[in-house]
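Per-entry structural report
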Amino acid sequence: MSDQDTGAEVLTGAQSLVRSLENVGADVVFGIPGGAILPAYDPLYDSTKVRHILVRHEQGAGHAAEGYAMVTGKVGVCMATSGPGATNLVTPIADAHMDSVPMVAITGQVGSASIGTDAFQEADIRGITMPITKHSFLVTRPEDIAAAVASAFHIASTGRPGPVLVDITKDALQAQANFEWPRHLDLPGYRPVTKPHSKQVREAAKLIAAASRPVLYVGGGVQKAGAARELKVLAEMTGIPVVTTLMALGTFPDSHPQNMGMPGMHGTVAAVGALQRADLLIALGTRFDDRVTGRLSTFAPLAKIIHADIDPAEISKNRHADVPIVGDAKEVIAELVSLLKADDRPLEIADWAHYLHDLKRRYPRGYDLPEDGSLSPQHVIQRIGEITGPDAYYASGVGQHQMWSAAFLPWELPGRWLNSGGLGTMGYCVPAAMGAKVGRPDATVWGIDGDGCFQMTNQELVTCALEGIPVKIAVINNQSLGMVRQWQTLFYQSRYSNTDLKTNRVPDFPKLAEAMGCVGLRAEDPEDVDSVIEKALSINDVPVVVEFVVHKDAMIWPMVAAGASNDDIQVARDMAPKWDGETL
Ligand SMILES: Cc1ncc(C[n+]2csc(CCOP(=O)(O)OP(=O)(O)O)c2C)c(N)n1
């Protein structure tokens, strides 16, 4: 084709990259420049469509891209130079892979002639990230950049979303070539199935109609498919009890009487009991993660399994599916709804629903206030949620504060919860909150972080302060790596090896916040909790950090010990629910 036909222009590879990002609608890129990626930063300087946010650590760029993707549903983009820049992206890439977050990571690579010579800042980032990316490209010619970027965005955002790496050599960025935007993507073998097989859905509908103890086991895939409305129709039409996993909180409202809560290691007794006693699990966009199943051989021993997932690799991976369905959760649920509607026979599950409601009533989520009058972390988190409301976005780090956030924040709306569920990445909170606030500038974005996690990535508050990203971060300071300390209390005879962070004024979190251009606040007294939250909510021009100095020994309950059966869930230390005499 002639230049005139295609409107082709001669551009440098770097210009092609920026033009390609503009073409795919990438309006924000989080990154840090360096030698190999430097050519790309020159045309980026001129782009009026792509905002580059200069982070302080590439890990922050990656988690920010995840946060942005989570709240917008678009692909998050991060950019780094070769070698250490690229390797600093490994953690967020792995995180996005585990939690199915659509992300494109663009990295500079040393010149193509130097590849394999241990050149300065050379790292085989494609090799390093091969197992943790959905796909990756190494681009060595400028004419291949547009197609690689277009394909990367398509792959990241379709089917099961995930991270895609585009590694571009410096010479490819510098050389010139015709810029041609691909009309068709050449991706042989990549055909994600979204439409479920009708026969399978019919089989599923039959099992549902015959079940007496069914449960809707709902995972993050339902949230990603934007199928919350369809799920509500299915649940209300059938009356089937629902459990929402950590990744699905808010996909079905917590306040809904059919919601039994979150299953798993720190799930509710009603949710765990529902799975263990079910005769049918309708597993939607969920992956039978070990944190949900506990000891797999004892998980939901009486249940038949309908497993619907967009990724065929998930089906029967951990638990055999009696009815496997490959497809988009929204389409699967919609088809199930129309089949069950046509059948028009009410399910006979009244006893089951009654049993679970009773379980929920007998074992509500709760906590004891510390006897010494110090702050209860659960109370702090609950009040943040109550005062701020369910419409805000909440990110967390990893640890006890994450599980308390899951338990006590108001999960009424889909897509409001950002956390590192699969990889369990400490340091996720601050940069993910930053990305979320960039994606939803008009919304309130809280990060609920631990004092340990916060010390891993708080430098991105400098980015937030300078770039006008007014997030609110609550540091739940229990002066320790609390979740690990809890395990030491329970399983290592309270031998606290290397979990005491001694974070009593070192660092001084409010001062640290102020030094980073944020407002720093602190609450140590239960009486100050509400006013400090309200103060934080009243500041909307700069980021705010609130340190809550809480009791060291608060624990997260209920708990299923790692490797134990869900049947052995403890509601508090040495206190198990009374299953004996249960007739179901
Ligand atoms: C990068 C990383 N390193 C180590 C761990 C193991 N780990 C899980 S939770 C936790 C403690 C987190 O402490 P903190 O941020 O203070 O939160 P808390 O549990 O006290 O709420 C640790 C060390 C991890 N998940 N991620």
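Cut-offs and rules
- Residues numbered from 1 in each chain as written.
- Predicted model: local features only at pLDDT ≥ 70, side-chain atom pairs only at ≥ 80, totals over all residues.
- Heavy atoms only, no water.
- Salt bridge = Lys/Arg side-chain N within 4 Å of Asp/Glu carboxyl O.
- Buried < 20%, exposed > 50% of the residue type's maximum accessible area, 1.4 Å probe, protein only.
- Pairing = 2+ DSSP bridges.
- Helix = DSSP H or I, 4+ residues; strand = E, 2+ residues; numbered from the N terminus.
- Axes fitted to C-alpha atoms, helices over the stretch in contact; angles between N-to-C directions.
- Contact = heavy atoms within 4.5 Å.
- Left-handed = near helix turned anticlockwise from the far one by under 90°.
- Nonpolar A, V, L, I, M, F, W, Y, C, P; charged D, E, K, R; others polar.
- Near = heavy atom within 4 Å.
- Polar contact = N/O pair within 3.5 Å; in protein donor to acceptor, adjacent residues only side chain to side chain.
- Areas by Shrake-Rupley, 256 points an atom, 1.4 Å probe, with all protein chains shown as cover.
- Parallel < 35°, antiparallel > 145°, perpendicular 65-115°, else oblique.
- pLDDT = per-residue confidence, 0-100.
- Phe/Tyr/Trp six-rings, centres within 6.5 Å; stacked < 30°, edge-to-face > 60°.
- Lys NZ or Arg CZ within 6 Å of the ring centre and 35° of its normal.

With that settled, the discussion passes to the pattern of salt bridges. Tallied over the full model, the rule gives 24 salt bridges. The residue Glu143 makes a salt bridge to Arg141 at a minimum N-O spacing of 3.6 Å. Exposure remark for Glu143: the relative accessible area of 40% places this residue in the partly exposed category. Among the residues examined, Arg141 registers a relative accessible area of 42% and is labelled partly exposed. For Arg160, the salt bridge is made with Asp311, and the minimal N-O distance between the two is 2.9 Å.

With parallel pairing, six strands are arranged side by side in an open sheet as S3-S2-S4-S5-S7-S6. The open sheet has two free edges, formed respectively by strand S3 (51-54) and strand S6 (135-139), since each of these has just one partner strand. The mean angle between the axes of side-by-side strands here comes to 20°, regardless of whether they run parallel or antiparallel. Relative to strand S7 (residues 163-169), S6 is paired through five bridges, and the arrangement is parallel. Following the sheet pairing, Leu138 is matched in S7 by Asp167. Packed on one face of the sheet, helix H4 (residues 58-72) meets strand S2 (28-31), strand S4 (76-80) and strand S5 (103-109) and runs near 170° to S4. The strands that helix H19 (residues 429-439) touches are S2 and S3; relative to S2, the one it contacts most, it runs at about 160°.

On to the packing of helix H13 (residues 269-277) against helix H16 (residues 350-362). Following both chains from N to C, one finds H13 and H16 inclined at 145°, their axes separated by 8 Å at the closest point. Considering how the two elements wind past one another, H13 and H16 form a crossing that is right-handed. In this structure, H13 contributes Val269, Ala270, Gly273, Ala274 and Arg277 to the contact, and H16 contributes Trp352, Tyr355, Leu356, Leu359 and Lys360. Residues belonging to the contact of H13 with H16 are distributed by class as follows: seven nonpolar, one polar and two charged.

What follows is about the sheet that holds strand S11 (residues 280-284). Taken together, five strands build an open sheet; the order of strands is S10-S9-S11-S12-S13 and the sheet is parallel. Strands at the two margins of the open sheet, each flanked by one partner only, are strand S10 (242-244) and strand S13 (323-326). Averaged over neighbouring strand pairs, the angle between their axes works out to 15° when direction is ignored. Sheet topology places strand S9 (residues 214-218) next to S11; five bridges connect them, and they run parallel. Directly across from Leu216, in S11, lies its bridge partner Ile282. The sheet strands contacting helix H10 (residues 198-210) are S11, strand S12 (304-309) and S13, and the helix crosses S13 at an angle near 135°.

Below, the discussion takes up the site of the ligand. Close to the ligand lie 16 residues; His401, Gly424, Cys453, Gly482 and Met483 are nearest. One of the side-chain nitrogen or oxygen atoms of Asp451 is found 3.0 Å away from an oxygen atom of the ligand. Contact with the protein chains covers 75% of the free accessible surface of the ligand, which is 590 Å². Going through the elements one at a time, helix H18 (400-408), helix H20 (451-457) and helix H22 (482-491) are the ones with two or more residues in the shell around the ligand. Grouping the amino acids of the shell around the ligand by side-chain chemistry returns six nonpolar, nine polar and one charged.

What follows covers the environment of Gln15. Relative to the helices and strands, Gln15 resides in helix H2 (residues 13-23). Overall, Gln15 belongs to the partly exposed group, its relative accessible area being 34%. C-alpha of Gln15 to C-alpha of Leu44: the two residues are 29 residues apart in sequence and 8.0 Å apart in space.

Along the polypeptide, Ala270 turns up in helix H13. Taking the C-alpha atoms as reference points, Ala270 and Arg362, 92 residues apart in sequence, are found 8.9 Å from one another. Beyond its immediate stretch of four places on either side in the chain, Ala270 contacts Met260, Leu356, Leu359 and Lys360.

On the secondary structure map, Thr268 appears in the loop between S10 and H13. Since its relative accessible area comes to 11%, Thr268 is described here as buried. Here Met260 takes part through its backbone oxygen, which lies 2.7 Å from a polar atom of the side chain of Thr268. What Thr268 contacts, discounting residues up to four positions off in sequence, is Met260, Gly261, Met262, Arg365, Pro558 and Ile569.

Let us now look at the packing of H4 against H19. One way to put it is that H4 packs onto H19 with a least axis distance of 6 Å and a crossing angle of 45°. As the angle between them shows, H4 and H19 are arranged oblique. H19 is crossed by H4, and the crossing has right-handed handedness. On the side of H4, the interface is formed by Gly60, His63, Ala64, Gly67, Tyr68, Val71 and Thr72, while H19 contributes Pro431, Ala432, Met434, Gly435, Ala436, Val438 and Gly439.

With that out of the way, let us pick up the confidence of the model for the protein. Per-residue confidence for the protein gives a mean pLDDT of 96; residues scoring 70 or more make up 98%. Contacts from residues 1-5, a stretch scored under 50 in pLDDT, to residues over four places away or in other chains number five contacts.

This brings us to the pairing of S9. For S9, a buried count of five out of five residues is recorded, marking the element as mostly surrounded by other parts of the structure. Neither face of S9 is left uncovered, since the one carrying Pro214, Leu216 and Val218 and the one carrying Val215 and Tyr217 both have all their residues buried. With three bridges joining them, S9 and S10 adopt parallel strand pairing. Pairing of Tyr217 across the sheet is with Val243, part of S10.

Before going further, it helps to examine the packing of aromatic side chains. Per the counting criterion, the structure on display carries 10 aromatic pairs. With a centroid separation of 6.4 Å and 25° between ring planes, the pair formed by Phe179 and Trp181 is classed as stacked. Using a relative accessible area of 8% as the deciding quantity, one classes Phe179 as buried. Given the relative accessible area of 31%, Trp181 is considered partly exposed. On the basis of an interplanar angle of 20° and a centroid distance of 6.1 Å, the ring pair of Trp352 and Tyr355 is categorised as stacked. A residue pair is termed a helical-turn pair when its members lie 3 or 4 positions apart in one helix, as Trp352 and Tyr355 do in helix H16 at three residues. Across the pair, exposure class does not vary: Trp352 and Tyr355 are buried alike. Taken together, Tyr217, Phe288 and Phe299 form an aromatic cluster joined through their ring pairs. In this arrangement the basic side chain of Arg19 is found over the ring face of Phe179, its NZ or CZ atom lying 5.5 Å from the centre. Just above the ring of Tyr496 sits the side chain of Arg485; from NZ or CZ to the centre is 3.9 Å.

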